[in-house]
Amino acid sequence: MSAKLLRPVAIAGTGKYLPEKVLTNADLQRMVETTDEWIVERTGIKERRIAAPDEATSDLAIKAGRDALENAGIKAEDLDLIIVATVTPDMAFPATACFVQKALGAPKATCLDVSAACSGFLYGLELARQSIASGSAEKALVIGADKLSAIIDWTDRNTCILFGDGAGAAVLTPAGEGTGEILSAYSGSNGNLDEILHVPGGGSRHPLTAENIGSKANTMKMSGREVYRHAVQTMISAAKEAIARAGLTSDDIECFIPHQANLRIIETIADKLDLPMERFFVNLESYGNTSAAAVAIALDEAQRSGRIKRGDHILMVVFGGGLTWASSVVRW
Ligand code: UT7
């Protein structure tokens, strides 16, 4: 997907929310046959956050959204568009974005969810950018939020060690003097590889019945090695594409913010792009893979910690179930 823009668009502010409860590798050692050493060596993850039983995805999204609005200095009532990227919506409908609208008080906003697994935040960012660029919206809130703990099989060591809950958000406005600009976006999907990462049950194909709940059809299934291979190849080509579309080279990018799934995936990408790891922002040791929230949380932490500064070029690149992928270059 690519298009000519009628006006440039900027990220005016970012935010995040992580639930309080920390689940460490030592905790997981008591739940499945695994070790802290194995998890750290194979993934880089040390701990992750888990939402409280009464905390739904919208509760995470609302807090991240509020944080981003405050950071941008924009009022919820001025929003024209709220997009929540999630694969763990509060319920089949209304959209999680409608719950965010209700809590924030954004009566003017059109609200919708995007389902693109770990790629959802960048899919949402591009939809919002196009809406603002075309003039159909002035101010948009894009949130990546997932409560993956609700769809994890906590007896499956292949998956349960990888994921965590959280939310990250960005506010988009037309670019102006003194703002940055989203310079490029690229995305793609491959529905032929649906089965290597999916939750087969709980939708209209296999509605929840006592039988398929017993067989855990409502939890995530993943062919880890296959996903790993596609993640590396696809994120490398997606990164190159977004950089080329921005008219830049990888040397111009001060900060790479990749999907936070596995440190070895990020190290391989750095190696293949011939870039030092210092150029990559990594926080997966603290949060694991938070799906649609991961790159949004990382963007927020990178900007608030001073890792990215006004005028820097940053590249975000994501990959997830579908398969789906996306990338974007932003001048901060
Ligand atoms: O957002 C996109 C979503 N997902 C991803 O990006 C994940 C991509 N995949 C991965 O990150 C990696 O493939 C994993 C971390 C999931 C697995 O790492 P791996 O190096 O590919 O391990 P493997 O699946 O090839 O398994 C190696 C061994 C196996 O034992 P055998 O068959 O060699 O005896 C597994 O059973 O490690 C075993 N294993 C574990 N051992 C201890 C798998 N999970 C665990 C575990 N603790 N948690």
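Because the structure is predicted, anything quoted here is derived from the model rather than measured. (Residues numbered from 1 in each chain as written. Predicted model: local features only at pLDDT ≥ 70, side-chain atom pairs only at ≥ 80, totals over all residues. Heavy atoms only, no water.)

## Some words on the sheet that holds strand β7 (residues 165-174)
Sheet strands pair by backbone hydrogen bonding; their relative direction is either parallel or antiparallel. Strand order in the open sheet formed by five strands is β1-β7-β6-β4-β5, with mixed pairing between adjacent strands. Whereas interior strands pair on both sides, the edge strands pair on one side only; in this sheet they are β1 (9-17) and β5 (110-114). Neighbour-to-neighbour, the strand axes of this sheet turn through a mean angle of 20°, independent of strand direction. Across eight bridges, the pairing between strand β6 (residues 140-147) and β7 is antiparallel. In the sheet register, isoleucine 143 faces β7, and the bridge partner there is alanine 169. Contacts from helix α5 (residues 120-134) reach β1, β4 (81-85), β5, β6 and β7, with the element oriented near 15° to β7. (Pairing = 2+ DSSP bridges. Helix = DSSP H or I, 4+ residues; strand = E, 2+ residues; numbered from the N terminus. Axes fitted to C-alpha atoms, helices over the stretch in contact; angles between N-to-C directions. Contact = heavy atoms within 4.5 Å.)

## A word on the side chain of threonine 43
When you line up the elements, threonine 43 lands in helix α2 (residues 36-43). On the accessibility criterion, threonine 43 (3% relative accessible area) is buried. Within polar-contact distance, the side chain of threonine 43 engages the backbone oxygen of isoleucine 39 at 2.6 Å. Apart from the residues within four sequence positions on either side, threonine 43 is in contact with Trp38, Ile161, Leu162, Asn262, Leu263 and Leu284. (Buried < 20%, exposed > 50% of the residue type's maximum accessible area, 1.4 Å probe, protein only. Polar contact = N/O pair within 3.5 Å; in protein donor to acceptor, adjacent residues only side chain to side chain.)

## Things to note about unusual backbone geometry
Residue proline 94 is reached from phenylalanine 93 by a cis peptide bond, and omega for that bond is 0°. Its place among the elements puts proline 94 in the loop between β4 and α4 (96-104). For the bond from glycine 322 to leucine 323, the omega torsion is -10°, close enough to zero to count as cis. By secondary structure assignment, the location of leucine 323 is in the loop between β12 (313-320) and β13 (324-331). The phi torsion at aspartate 274 lies on the positive side, around 60°, for a residue other than glycine. Examined against the element boundaries, aspartate 274 turns out to sit in the loop between α9 (263-272) and α10 (284-287). Despite not being glycine, serine 291 has its phi angle at roughly 60°, a positive value. With respect to the helices and strands, the residue serine 291 is situated in the loop between α10 and α11 (294-304).

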